[in-house]
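A look at the structure
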Amino acid sequence: MRPHRTGGEDRDAGRDLDAAPARRDWRDVLTDATDLAVLGIALTLAALPVVTAAAAVAAASAAVHDRYSLGSWPSARENLTRYGRALLPGVGVSVLAVAALGLLAVDLAALAGGRVPGGAPLLLVTVGVAAALAGYAALVVVEVGRRGGRGWREAARAAAGACRNRPGTWAAAGGVGVVAALLAVMVTPVAVPILAGYVVAALHAVARRTVLSPVGQS
């Protein structure tokens, strides 16, 4: 039998439901910053064999997605499970990504050094293409995270649809990639692993309002 509630209790309950959420203070911000730094270091270490890079990125993206959607980080066991599950499917993705990055780097170096005809206009076009590819790859990473760290093919198709339907989000994700690349060149090499965690978080923040596809089960 449901207990009878007085009018005063009803008003108190209403005030509780309408109360604004507690504001985050500097300790919460510091905790998140530390967690992202640790995530970036773990991502870098897990990606060192190169062929495991995609699995490391997938697990890190899934962890950031949990932080945004659930309000807490997954356990170490869950992270390791996702990483192990993504190893084999991610080998081909890792090889493809490394090959694409290598070709772009060689092309940009040749254009910047004047060894290839075209000069500054062609260099700008190449940088634009690189930024577009980076934006697309970034949205793929976000979608993989939303799927619990797996489903690269489905994520690639969903990201392609997002690029067509929401070019602003595509451009913003590409901008994050370009800024990340510049920071990686400018900062000391020791800080690059820490930067990795912040980049993954920034990508999710950019795409947070964009539902690329239904979120899969982890």
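Conventions we followed
Residues numbered from 1 in each chain as written. Predicted model: local features only at pLDDT ≥ 70, side-chain atom pairs only at ≥ 80, totals over all residues. Heavy atoms only, no water. Patch = residues over 30% accessible without salt bridge, like charges linked within 9 Å, V, L, I, M, F, W, Y side chains within 5 Å. Areas by Shrake-Rupley, 256 points an atom, 1.4 Å probe, with all protein chains shown as cover. Salt bridge = Lys/Arg side-chain N within 4 Å of Asp/Glu carboxyl O. Helix = DSSP H or I, 4+ residues; strand = E, 2+ residues; numbered from the N terminus. Buried < 20%, exposed > 50% of the residue type's maximum accessible area, 1.4 Å probe, protein only. Expected span 1.5 Å × (residues − 1). Bend = angle between axes of the 7 residues up to and from the residue. Axes fitted to C-alpha atoms, helices over the stretch in contact; angles between N-to-C directions. Parallel < 35°, antiparallel > 145°, perpendicular 65-115°, else oblique. Contact = heavy atoms within 4.5 Å. Nonpolar A, V, L, I, M, F, W, Y, C, P; charged D, E, K, R; others polar. pLDDT = per-residue confidence, 0-100. Lys, Arg positive; Asp, Glu negative; His and termini not counted. Polar contact = N/O pair within 3.5 Å; in protein donor to acceptor, adjacent residues only side chain to side chain.

1. Things to note about a nonpolar patch on the surface
Judged by side-chain polarity, V178, V179, L182, L183, V185 and M186 come together as a nonpolar surface patch covering roughly 580 Å² of accessible area. Tracing the backbone shows V185 in helix α7 (residues 167-186). Taking the relative accessible area as the measure of exposure, V185 reaches 70% and is therefore exposed.

2. What to know about helix α4 (residues 76-112)
If you check α4, its first and last C-alpha atoms are just 44 Å apart, much less than what 37 residues at 1.5 Å a residue would give, namely 54 Å. At P89, α4 shows its maximal bend, which comes to roughly 60 degrees. Within the span of α4, buried status applies to R82, Y83, A86, G90, S94, A110 and L111.

3. Observations regarding the packing of α7 against helix α8 (residues 192-207)
Working note: a packed helix pair is described by the angle between its axes plus the distance between those axes. At a closest axis distance of 10 Å, the pairing of α7 and α8 adopts a crossing angle of 170 degrees. The angle between the axes of α7 and α8 places the two elements in the roughly antiparallel class. Residue-level inspection shows T169, A172, A173, V176, A180, L183 and A184 of α7 in contact with α8, the latter providing V192, L195, V199, A202, L203, V206 and A207. Of the residues in the contact of α7 with α8, the class split is 13 nonpolar, one polar and no charged.

4. Quick notes on the environment of V144
Looking at the element boundaries, V144 is found in helix α5 (residues 119-146). Placed 83 residues apart in sequence, V144 and S61 show a C-alpha to C-alpha distance of 7.1 Å. Excluding residues that lie within four positions of it along the chain, V144 makes contacts with A58, G149, R150, G151, W152 and A155.

5. Some words on helix α6 (residues 152-165)
Its 14 residues give α6 an end-to-end C-alpha distance of 20 Å, which sits within 8% of 20 Å, the value for a rise of 1.5 Å per residue. By the burial criterion, the buried members of α6 are W152, A155, A158, A159, G161, A162 and C163.

6. Here we look at the confidence of the model for the protein chain
Residues with a pLDDT of 70 or more make up 82% of the protein chain, whose mean pLDDT is 83. Within the protein chain, the lowest mean pLDDT, 44, falls on helix α1 (residues 7-18), and the highest, 94, falls on helix α3 (residues 53-70). Scored below 50 in pLDDT, residues 213-218 makes 15 contacts in the model with residues more than four places away or belonging to other chains.

7. Some remarks on the side chain of R146
Tracing the chain through its elements places R146 in helix α5. Despite its burial, R146 remains without a salt bridge, the nearest opposite charge being carried by E143 at 4.3 Å. In terms of polar contacts, R146 uses its side chain to reach the backbone carbonyl oxygen of A207, at 2.6 Å.

8. Some words on the environment of R208
Counting through the fold element by element, R208 comes out in the segment after α8. On the accessibility criterion, R208 (52% relative accessible area) is exposed. The sequence separation of R208 and V142 amounts to 66 residues, and the corresponding C-alpha distance is 9.0 Å. Leave out the neighbours within four places in its chain, and R208 touches Y68 and R146. A distance of 3.4 Å separates a polar atom in the side chain of R208 from the backbone oxygen of Y68.

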